[in-house]
Amino acid sequence: QVHVAESGGGLVQAGGSLRLSCAASGRTSRQYGMGWFRRAPGEEREFVAGINWSGAATYYGDSVKGRFTVSRGGAKNTAYLQMNSLKPEDTAVYYCAADPSGAGSSRMGEYDSWGQGTQVTVSS
């Protein structure tokens, strides 16, 4: 496992944008797949976006396709989530997670390290 930390949440008006950052750190040479998940109040955690170890493959949940973009940073095991055209229903705690298989898919069970989460609130 690695330590995962995300940042960049906040309050934004509907139609606005936010960029979340994530870094996974620890004594490892492994290149992790990185994923973003979110949990709204009263809802289950859902997959938002994921990216594989090389950045060549990306995956998105249906509700964010065309609005959110996941990318890898220059440093090892870093990732970003660019969120555009935000809607009130995007309000949730957003979690970054690291996938040791390198796939960065939507399969939650593949991720073994999770951040504490960052709050995103979209006002109407």
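A brief look at the structure comes next. (Residues numbered from 1 in each chain as written. Predicted model: local features only at pLDDT ≥ 70, side-chain atom pairs only at ≥ 80, totals over all residues. Heavy atoms only, no water.)

Focus on the overall build of the protein chain
Thought 1: Counting secondary structure elements, the protein chain contains zero helices and eleven strands.
Thought 2: In terms of overall dimensions, the protein chain is globule-like: its C-alpha atoms have a radius of gyration of 13 Å, near the 14 Å expected for 124 residues.
Thought 3: If you line up the protein chain on its principal axes, its C-alpha atoms span 45 × 25 × 25 Å.
Thought 4: With 124 residues in all, the protein chain has 43% of them scored as buried.
Thought 5: Split by element, the accessible area of the protein chain, about 6,100 Å² in all, is 45% carbon and sulfur. (Helix = DSSP H or I, 4+ residues; strand = E, 2+ residues; numbered from the N terminus. Rg over C-alpha atoms; globule rule 2.2 N^0.38 Å. Buried < 20%, exposed > 50% of the residue type's maximum accessible area, 1.4 Å probe, protein only. Areas by Shrake-Rupley, 256 points an atom, 1.4 Å probe, with all protein chains shown as cover.)

Examining the state of the cysteines
Thought 1: Tallied over the entire structure, the rule returns one disulfide.
Thought 2: Two residues share a disulfide in this structure: C22 and C96, whose sulfurs sit 1.9 Å from each other. One quick way to see it: the torsion about the S-S bond of C22 and C96 is about -80°, and its sign makes the bridge left-handed. Of this pair, C22 sits in strand β3 (residues 18-25) while C96 sits in strand β9 (residues 92-99); the two residues are 74 residues apart in sequence, bridging distant segments of the chain. The pair C22 / C96 is uniform in exposure class, with both members buried. (Disulfide = S-S within 2.5 Å.)

Quick notes on the sheet that holds strand β7 (residues 68-72)
Strands in a sheet are paired, the pairing made by backbone hydrogen bonds, and the direction either parallel or antiparallel.
Thought 1: Spatially, β1-β3-β8-β7 is the arrangement adopted by the four strands of the open sheet, whose pairing is antiparallel. Unpaired on one side and paired on the other, β1 (3-7) and β7 mark the two borders of the sheet. Across this sheet, the average inter-strand angle for adjacent strands is 15°, counted without regard to direction.
Thought 2: Alignment of β3 against strand β8 (residues 78-83), held across six bridges, turns out to be antiparallel. (Pairing = 2+ DSSP bridges. Axes fitted to C-alpha atoms, helices over the stretch in contact; angles between N-to-C directions.)

Overview of the pattern of salt bridges
Thought 1: Counted under the stated rule, the structure contains five salt bridges.
Thought 2: We note a salt bridge from R67 to D90, for which the minimum N-O separation is 2.8 Å. In this pair, R67 is assigned in the loop between β6 (58-60) and β7 and D90 in the loop between β8 and β9, connecting sequence segments 23 residues apart.
Thought 3: We classify R67 as buried; its relative accessible area is 10%.
Thought 4: The exposure class of D90 is buried, given its relative accessible area of 1%.
Thought 5: We note a salt bridge from E110 to R107, for which the minimum N-O separation is 3.9 Å.
Thought 6: Accessibility expressed as a relative area gives 31% for E110, which makes it partly exposed.
Thought 7: Exposure remark for R107: the relative accessible area of 48% places this residue in the partly exposed category. (Salt bridge = Lys/Arg side-chain N within 4 Å of Asp/Glu carboxyl O.)

Digging into the environment of Q13
Thought 1: Following the sequence through the fold, Q13 ends up in strand β2 (residues 10-13).
Thought 2: Here Q13 falls in the exposed class, since its relative accessible area comes to 60%.
Thought 3: Residues Q13 and S85, spaced 72 residues apart in sequence, show a C-alpha to C-alpha distance of 9.5 Å.
Thought 4: What Q13 contacts, discounting residues up to four positions off in sequence, is V122 and S123. (Contact = heavy atoms within 4.5 Å.)

Geometry only, nothing functional implied.
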